[in-house]
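# What the coordinates show
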Amino acid sequence: MKKLLYILSFAGLMGFGSCADELNTEPTDSVSGSTIFENVTNAQSAINGVYRMLYVAGWSSNWGTENCGQTGIQLLADLMAEDHLMYSQGQGWFYEDYRLNVHGDYSNTAGRPYSVWNFYYTIISNVNYIIAAENTMEGDAAERDNIVGQAYAMRAFCYFYLVQLYQQTYHGHETAPGVPIYTEPTEAGSQGHPRGTVQDVYDQINSDLDRAIELLEGKSQSHISHVDYYVANGFKARVALVQHEYATAAAAAATALSKSELSLATVEALGGNNDTGVADVMWGCEITTDQTSGFAGFFSHMDADATGMYGATAQKCISSGLYNLISDTDERKSAWFRAPLAEDGTGSMVSYCQLKFKMADYTTWTGDYLLMRAEEMVLIKAEAECAQGLYADARATISQLGNLRDTNFATRLAARTDANTYNSDTNAPLRTLMDEILFQRRVELWGEAGRIFDLQRLGLGYNRTYEGSNHTETVSNKNTDAASPLFIFPLPQSEFDGNESLTSADQNPIVM
């Protein structure tokens, strides 16, 4: 009989070690799940272990350096679209994502389909044990609710990424196969589940988020890495935006922004986007010298001026199409991206090279990972208001960010017509209010939100072969229209090998 491959990872839960290349499918001999979660002290260690999983590398049997946790997944989702490119191939890490060429890896445990699946389902497996102990965990009730609320939020977070990466977007695909849903602890030999529909998965996500928000309300965030009431509302805003539930998205984003002492940050204050202590950061991973992943870290891949790191020879750049849409009075244009220049081809001295993400300390290879910022909530709120035809509200909301970035933003915004339509050509001149809001999102969240997810929910494709394009891979022979099968992953073969509820008919289209 086949057995489920994704079970509780005790080492990860207790925060003492990183994930292994292959998940252990045998029950531990030393401790049981019920023992770990019998009190809030142990459960707190467990949830800390879950957060640690977000930034450790090695979620695959090979190529572990590019499988470096949540920021790596956000990076690959950016490179799959049109605003982000790799100047050179380097050792190939992330370049196949940029080429839309990872489908052939579904049959092994080294590539994207497996590593992403492994990453999220391992976290789900862990938090399910915490959630299962909700009514039996000993200790302070408020502390218990805080821990369990975080577990619900993290389960929703994982399913949200899984359903977007392994199926087309929610709107118009509600009855399509989503991903298997597990809400109970699993162990070796547990029965695998079939793929729930996209609607089923989103129903579970929203149920989990509602419960998380209920449990977390009034609780303090003890560390920036912990999901709190406001971050959970940020998750809710993200999900509602994808579902086109715009009133819910706007309300949840507004709640997220109501956190005391939270404020938008200037470009100067953001620095290299590597410090969780900046006033706009809602959620992130504080990376200390003993926690750095070094060569396998996000900043290693991004920072072209980090000597000896991967980004130095495989530079990440903004597309010329997006760069040319940025006003010369917008501070981000020069602070975050290299201008076209007579390049020498080394480090960041190539045209359009990204300067947004920089290591905090080159001697220790450190830099914090920012997973949610207040600016994103402003952008969600503005888009959701515009989508509802609340144009005056949307203008006021987007001005909070735009005026902070561009000294000429008021004039720029005045030229946009009140409409919630947007151009199907993502490099075309901006005309409507929605065009402007979506453009601001592209620039502000470049490299951190996963552009492919926005293209999917907006029903947009792209073309990298426009005049003056700086893309090194145009993928002109591949389908980049809206809802292309290349925008999602096949399910890994290991899931079919270990889950008897799935057959070959449950596989996504595989494009070789």
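Residues numbered from 1 in each chain as written. Predicted model: local features only at pLDDT ≥ 70, side-chain atom pairs only at ≥ 80, totals over all residues. Heavy atoms only, no water.

## Section: the overall build of the protein
- Counting secondary structure elements, the protein contains 20 helices and 6 strands.
- Taken over C-alpha atoms, the radius of gyration comes to 22 Å for the protein, in line with the 24 Å a tight globule of 512 residues would show.
- By its C-alpha atoms, the protein is 65 × 50 × 45 Å across when sized along the principal axes.
- Expressed as a percentage of the 512 residues in the protein, the buried residues total 61%.
- When contacts within the protein are restricted to residue pairs at least 6 apart in sequence, long-range pairs at least 24 apart make up 70% of them. (Helix = DSSP H or I, 4+ residues; strand = E, 2+ residues; numbered from the N terminus. Rg over C-alpha atoms; globule rule 2.2 N^0.38 Å. Buried < 20%, exposed > 50% of the residue type's maximum accessible area, 1.4 Å probe, protein only. Contact = heavy atoms within 4.5 Å.)

## Some points on the pattern of salt bridges
- Following the criterion strictly, the structure yields 34 salt bridges and no others.
- Close ionic contact of Asp328 with Lys333 constitutes a salt bridge, the shortest N to O distance being 2.8 Å.
- Arg441 is the salt-bridge partner of Asp454, the closest N and O atoms lying 2.7 Å from each other. Taken as a pair, Asp454 in helix H19 (residues 451-458) and Arg441 in helix H18 (residues 433-444) lie far apart in primary sequence, 13 residues in all.
- Classification of Asp454 by relative accessible area gives buried; the value is 7%.
- By sharing partners, the salt bridges in this structure join Asp280, Asp330, Arg332, Lys356, Arg373, Glu375, Arg405, Glu444 and Glu448 into a single network. (Salt bridge = Lys/Arg side-chain N within 4 Å of Asp/Glu carboxyl O.)

## Looking at the nonpolar core
- Counting residues in each nonpolar core, the largest one holds 159 residues, and the members touching the most others are Leu54, Tyr120, Tyr159, Ile205, Val227 and Trp283.
- Per-element accounting of this core gives the leading share, 15 residues, to helix H7 (residues 141-165).
- Among all residues touching Tyr159, those that are not within four sequence positions of it are Tyr121, Ile124, Val179, Pro180, Ile181, Tyr182, Val201 and Ile205. (Core = buried A, V, L, I, M, F, W, Y, C linked by side-chain atoms within 4.5 Å.)

## Considerations on the packing of H7 against helix H9 (residues 229-242)
- At a minimum axis separation of 11 Å, H7 and H9 run at an interaxial angle of 30°. Judged on the interaxial angle alone, H9 and H7 are roughly parallel. Of the two possible hands of crossing, H7 and H9 adopt the one that is left-handed. Contacts between H7 and H9 pair Ala153, Phe157, Phe160, Tyr161 and Gln164 from the former with Phe235, Arg238, Val239 and Val242 from the latter.
- Of the residues belonging to the contact of H7 with H9, the class tally is 7 nonpolar, 1 polar and 1 charged. (Axes fitted to C-alpha atoms, helices over the stretch in contact; angles between N-to-C directions. Parallel < 35°, antiparallel > 145°, perpendicular 65-115°, else oblique. Left-handed = near helix turned anticlockwise from the far one by under 90°. Nonpolar A, V, L, I, M, F, W, Y, C, P; charged D, E, K, R; others polar.)

## Quick word on helix H3 (residues 40-53)
- Over its 14 residues, H3 runs 20 Å from end to end, which matches the ideal 20 Å to within 8%, given 1.5 Å per residue.
- Put simply, Asn39 is the residue that caps the front of H3, since its side-chain oxygen is 3.1 Å from the backbone nitrogen of Thr41. (Expected span 1.5 Å × (residues − 1). Polar contact = N/O pair within 3.5 Å; in protein donor to acceptor, adjacent residues only side chain to side chain.)

## Some thoughts on unusual backbone geometry
- A positive phi angle, close to 75°, is found at Phe94, a residue other than glycine.
- Along the chain, Phe94 falls in the loop between strand E1 (84-86) and helix H5 (95-98).
- At Glu261, a position not held by glycine, the phi torsion is positive, near 70°.
- Looking at the element boundaries, Glu261 is found in the loop between helix H10 (246-257) and helix H11 (267-270).

## Some words on the pairing of strand E4 (residues 281-285)
- Of all 5 residues that make up E4, 5 are buried, and the element is covered over most of its length.
- Sheet topology note: the E4/strand E6 (residues 369-373) ladder contains 4 bridges and is antiparallel. Note on E6: the bridge partner recorded for Trp283 is Met372. (Pairing = 2+ DSSP bridges.)

## Quick word on the packing of aromatic side chains
- One pass over the structure, following the stated rule, counts 27 aromatic pairs.
- When the ring of Tyr121 is compared with that of Tyr182, the centres are 6.0 Å apart and the planes differ by 80°; the resulting orientation is edge-to-face. Of this pair, Tyr121 sits in helix H6 (residues 112-132) while Tyr182 sits in the loop between strand E2 (177-180) and strand E3 (195-197); the two residues are 61 residues apart in sequence, bridging distant segments of the chain.
- The class of Tyr121 is buried, set by a relative accessible area of 4%.
- When the centroid spacing of 6.1 Å and the interplanar angle of 70° are considered together, the rings of Phe160 and Tyr161 count as edge-to-face.
- Phe160 gets classed as buried once you look at its relative accessible area, which sits at 8%.
- Since its relative accessible area comes to 6%, Tyr161 is described here as buried.
- Cluster of aromatic residues (ring-pair linked, three or more members): Trp59, Phe119, Tyr120, Phe157, Phe160, Tyr161, Tyr170, Tyr202, Phe235, Trp283 and Phe453.
- The aromatic ring of Phe94 is capped on one face by Arg112, whose charged end is 4.7 Å from the ring centroid.
- Over the aromatic face of Trp336 sits the side chain of Lys356, whose NZ or CZ is 4.6 Å from the ring centroid. (Phe/Tyr/Trp six-rings, centres within 6.5 Å; stacked < 30°, edge-to-face > 60°. Lys NZ or Arg CZ within 6 Å of the ring centre and 35° of its normal.)

## Considerations on the state of the cysteines
- On inspection of all chains with the given rule, the structure shows 0 disulfides.
- Looking at Cys353, it has no disulfide partner, and the nearest cysteine sulfur is the one in Cys317, 4.8 Å off. (Disulfide = S-S within 2.5 Å.)

## Here's the deal with the side chain of Asn499
- Mapped onto the secondary structure, Asn499 falls in the segment after helix H20 (493-498).
- With relative accessibility at 0%, the residue Asn499 sits in the buried group.
- A polar side-chain atom of Asn499 sits 2.9 Å from the main-chain amide nitrogen of Ser501.

## Let's talk about the packing of H7 against helix H8 (residues 198-216)
- Where H7 contacts H8, the two axes come as close as 8 Å, and the packing angle between them is 155°. Taken together, the axes of H7 and H8 lie roughly antiparallel to each other. Like other packed secondary-structure pairs, H7 and H8 cross with a definite hand, here left-handed.
- When its residues are assigned to classes, the contact of H7 with H8 shows 15 nonpolar, 5 polar and 4 charged.

## What to know about the side chain of Glu383
- By the secondary structure assignment, Glu383 is in helix H15 (residues 374-387).
- Residue classification places Glu383 among the buried residues on the basis of a relative accessible area of 2%.
- The contacts of Glu383, once residues within four sequence positions are left out, are Leu241, Met434, Ile437, Leu438, Arg441, Arg457 and Leu458.

## Observations regarding the environment of Ala142
- Tracing the chain through its elements places Ala142 in helix H7.
- Looking at Ala142, the relative accessible area reads 40%, which means it is partly exposed.

Read these as layout, nothing more, since geometry by itself doesn't imply function.
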